[in-house]
Amino acid sequence: MEAENGTPKATRSLEVVVSEANRSTWSNRTEYIMVQVGFCVGSGTIWRFPSLCQQNGGGTFFVVYVLLLFMMGIPLVFMEMALGHLVCFGVWTKIHPRLWGMGLACSMVCFLVSVYYNIFTAWSMFYLSNSFQYTLPWNQCPLVMNTSIPDPDCAQVTSSIYFWYWKTLEVTGNIEESGGIVPSLFICLLVVWLLIILISTQSLKVQGKASAITSPILWKRAGTQVFYNMGLGFGSIIVLSSISKSKNCAQDAFIVAFINLVSSLLATQVVFSVLGFRATMSTRECSNQSSWKLLQLIKMGKLPIEASPPTELLKKPVKAYTMWLHHLNRDLKKKVLEYVSDCNLENQLLRYIKGPDLVFIAFAEAITKFSGSPFWSVIFFLMFINLGLSTSVGLMQGILIPLLYNFPSLQNYSLAFSVIIGCLSFLCGLLFTQRSGLYFLTLFDEFALSLPLLIVVLFENISVAWIYGAKRFMNEMWDLLGLNFSLMHECLLRYVTPVILLILLIYNLSEMLLKSPSYRAWDKRSFTTSVLPYPTWAVFLGSSLILLSILPILVGLLKGSKKPIILPLPKDSSLQLSLTSSYGLSLTSQDQQAPSSRKTSRFSEAQTEEASGSHKQPSLLSLSKSMGTAVGHVKRGDSYTGGSAQNVPSVPPLPPVARESL
């Protein structure tokens, strides 16, 4: 079809009339914001962000994180929220048919992450079940049966370490030693998945209730944390935004990002305050024990009288013992350290602050120092479980909705399908309940998270900014919002975010190819952790996870239809859809619609500028009213006066579970 000026005319927009009364939404904007925050602020906020801060220079990491948050995180969250509000489901096929695999890729990433993410919640549930005791079981070493002698393994380490590695994980020495499934973790993981399935099938709305700064590894970790904290690339933000009345996606993105940042900072402050308290108490205990041991050695004649420690340590500063030890002459100091520890406060603070150890060793040990420790233990692990479940339910929706949309035949069995997905996830999660499960979790965290998310979000960014057109997309959003927000300028989506994503992707790939992957394993003989290389089969498994995540995108690009989703209409006719009470759609011509029921947008200028010699995609804004959250299924036999019935697009129905929950 040729335009009047002789250039190929773009396809006509599809405008669908859906009243606000027919569009299911959140009760209010606050509920919607809280749901988004509940999905983004998960248990990783408690352990992952503080751990990364400590490992990467503290303030330096925070500066890089905030910089990437504003340059990449907020624009991409805004983009996903806007897409969810405008098109809801099937957004990528509306941009280009060959992008149909994007939704499935998001579902696959959600599935892989949820499989290993919920083991954290299962661990928390195990600790919670052991918190209803007056003396917490990780507060003291257990006794050998029928004796008053502490367990010899526990005597070599602290009671919190013993409870974590021996009682909770029952850990093996390496990833190749399975050791079988731990029964207690099996039960806890089963309870977690039963809760997730119950919540997901009942109602989505349950969720409402310097030189260092140039380090590539620093930027890589900060960038990955932005994705992890903001929930980018999972598709859940699009699903949650699809039923929001709020049209101010820019403001919503800033609010969610701000709450997320404040939550991370607050969690970091609380975590390090508690860890500081724990380090102080541990240093005093270490100083007293070392002083008592030195006095015994002096009485036995193994040390000279000059090795006598300072008296009344409890009345002196916490570093008094360490300072006294530091001022001894070198030979005497070396001899003293052969028998006792130096009880360094900084070393006590930095011990067991990496990964899950931060929560289940360091924080759990700190809680034992509080008065009324069982009460605080129950409160803490309940909070941790709540954070984990809120994120897991969002991940579950990110799995179900795209699958039900892309495979309409499953929609009549959506409840059973939800249960099947939950059961399949539980069965896959049993991998992490093995005695070597901690090492598999490390493998999944390294391979199944950062690289697939980067690839998915990069494709999302390119699809909107370059295939659909950043100028066109931004103009549509500003028309919808009724304001012009300079920070969300099109150049951010078109140039800045793709470049950052590409740099992070290249660095991740180069690090994976050039660096031999390894993991930390617990050695029960030396009572320490050691770094071991992954076996070949484990590296192959990790690489397969990456390929499995991006496989739908590759298949879509190679096998997707070249046909446009919406075909051109005659110049004097425009297709509209009307929502019926039975969730079906009837087709009428635009000239049959009342003038008051039509909305026009001021995008002709942007669309003309971006029009090329080929058919152009329809406006996402015009598609937004057609989708909402309850889009009907257009059958070939429906009435249509604006053109051939062959040109009618097929729109799948809203899944029954989603429809009931909304």
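Worth saying up front: this structure is predicted, and the values here are computed from it rather than measured.

### Description of the overall build of the chain
Looking only at helices and strands, the chain features 24 helices and five strands. Looking at the chain residue by residue over its 662 residues, the buried ones come to 56%. Within the structure as shown, the chain displays about 28500 Å² of accessible surface, and the carbon and sulfur contribution to it stands at 62%.

### Things to note about unusual backbone geometry
Although it is not a glycine, Glu 170 sits at a positive phi angle of roughly 50 degrees. Residue Glu 170 is classed as partly exposed on the basis of its relative accessible area, which comes to 25%. A positive phi angle, near 60 degrees, is found at Phe 527, a position not held by glycine. Relative to the helices and strands, Phe 527 is located in the loop between strand 2 (518–523) and strand 3 (528–533).

### A few points about the nonpolar core
Counting residues in each nonpolar core, the largest one holds 161 residues, and the members touching the most others are Trp 123, Tyr 165 and Phe 473. Look past the residues within four positions of Trp 123 in its chain and what remains in contact with it is Trp 164, Thr 168, Leu 169, Leu 185, Pro 356, Phe 360, Leu 438 and Leu 441. Counting 14 residues, the second largest nonpolar core, distinct from the first, contains Cys 286, Leu 294, Ala 307 and Trp 324.

### Quick notes on the pairing of strand 3
Relative to strand 3, strand 2 is paired through six bridges, and the arrangement is antiparallel. Counterpart to Ser 518 in the pairing with strand 3 is Pro 533. Here strand 2 folds back onto strand 3 in antiparallel fashion, the turn holding four residues, of which Phe 527 has a positive phi close to 60 degrees.

### Some remarks on the state of the cysteines
Joining two cysteines, a disulfide is a covalent bond between their sulfur atoms. One pass over the full model with this rule turns up two disulfides. Paired through a disulfide, Cys 141 and Cys 154 show a sulfur-sulfur distance of 1.9 Å. With the S-S dihedral at roughly -75 degrees, the linkage between Cys 141 and Cys 154 falls on the left-handed side. Residue Cys 141 is found in the loop between helix 5 (101–129) and helix 6 (152–156), and its partner Cys 154 is found in helix 6; the two are separated by 13 residues along the sequence. For Cys 286, the disulfide goes to Cys 343, at an S-S distance of 2.0 Å. Between Cys 286 and Cys 343, the disulfide has an S-S torsion of -75 degrees and is therefore left-handed. Of the two residues, Cys 286 is situated in helix 11 (residues 249–299) and Cys 343 in the loop between helix 13 (330–336) and helix 14 (345–350); the sequence distance between them amounts to 57 residues. When sorted by exposure, Cys 286 lands in the same class as Cys 343, which is buried. When the cysteines of the chain that form disulfides are numbered from the N-terminus onward, they connect as 1-2, 3-4.

### A look at the side chain of Ser 107
The topology assignment puts Ser 107 in helix 5. Within polar-contact distance, the side chain of Ser 107 engages the backbone oxygen of Gly 398 at 3.1 Å. From its side chain, Ser 107 meets the backbone oxygen of Ile 399 in a polar contact 3.2 Å long. If sequence neighbours within four positions are ignored, Ser 107 has contacts with Gly 398, Ile 399, Pro 402 and Leu 403.

### Focus on the environment of Met 79
Note on placement: Met 79 falls in helix 3 (residues 59–86). Excluding residues within four positions of it along the chain, Met 79 makes contact with Glu 460, Asn 461, Val 464, Phe 473 and Leu 493.

### As for the confidence of the model for the chain
Across the chain, pLDDT averages 75, with 75% of residues at or above 70. Between residues 564–617, whose pLDDT stays under 50, and residues either more than four places distant or in other chains, the model counts 137 contacts. In this model residues 624–662 is a low-confidence stretch, pLDDT under 50, and it forms 100 contacts with partners more than four residues away in sequence or in other chains.

### Some points on helix 9 (residues 216–230)
Look at helix 9: 21 Å from first C-alpha to last across 15 residues, which is about the 21 Å you get at 1.5 Å a residue. Burial of helix 9 is extensive: 11 of the 15 residues sit out of reach of the surface.

### A few points about the pattern of salt bridges
Scanning all chains against the criterion turns up six salt bridges. In this structure, Lys 220 and Glu 511 form a salt bridge, with 2.9 Å as the shortest nitrogen-oxygen distance. Taken together, the positions of Lys 220 in helix 9 and Glu 511 in helix 20 (residues 490–514) put the pair 291 residues apart, joining distant regions of the chain. By relative accessible area, which is 17% here, Lys 220 ends up buried. Given a relative accessible area of 18%, Glu 511 falls into the buried group.

### Considering the packing of aromatic side chains
Here the distance between the centres and the angle between the planes together describe a pair of aromatic rings. Counting across every chain of the model gives 39 aromatic pairs. Between the aromatic rings of Phe 49 and Phe 61, the centroid separation amounts to 5.8 Å while the plane-to-plane angle is 65 degrees, which identifies the pairing as edge-to-face. With Phe 49 in helix 2 (residues 44–55) and Phe 61 in helix 3, this residue pair connects regions lying 12 residues apart in the sequence. Both residues of the pair, Phe 49 and Phe 61, belong to the buried class. Residues Phe 78 and Phe 473 carry aromatic rings whose centres are separated by 6.4 Å and whose planes lie at 65 degrees to one another, so their mutual orientation is edge-to-face. Residues Phe 78 and Phe 473 agree in their burial class; the two are buried. Note that Arg 48 overlies the ring of Tyr 228, its terminal NZ or CZ placed 4.5 Å from the centroid. The ring centre of Trp 466 lies 5.5 Å from the NZ or CZ of Arg 494, which sits over that ring.

Definitions and cut-offs
Residues numbered from 1 in each chain as written. Predicted model: local features only at pLDDT ≥ 70, side-chain atom pairs only at ≥ 80, totals over all residues. Heavy atoms only, no water. Helix = DSSP H or I, 4+ residues; strand = E, 2+ residues; numbered from the N terminus. Buried < 20%, exposed > 50% of the residue type's maximum accessible area, 1.4 Å probe, protein only. Areas by Shrake-Rupley, 256 points an atom, 1.4 Å probe, with all protein chains shown as cover. Core = buried A, V, L, I, M, F, W, Y, C linked by side-chain atoms within 4.5 Å. Contact = heavy atoms within 4.5 Å. Pairing = 2+ DSSP bridges. Disulfide = S-S within 2.5 Å. Polar contact = N/O pair within 3.5 Å; in protein donor to acceptor, adjacent residues only side chain to side chain. pLDDT = per-residue confidence, 0-100. Expected span 1.5 Å × (residues − 1). Salt bridge = Lys/Arg side-chain N within 4 Å of Asp/Glu carboxyl O. Phe/Tyr/Trp six-rings, centres within 6.5 Å; stacked < 30°, edge-to-face > 60°. Lys NZ or Arg CZ within 6 Å of the ring centre and 35° of its normal.

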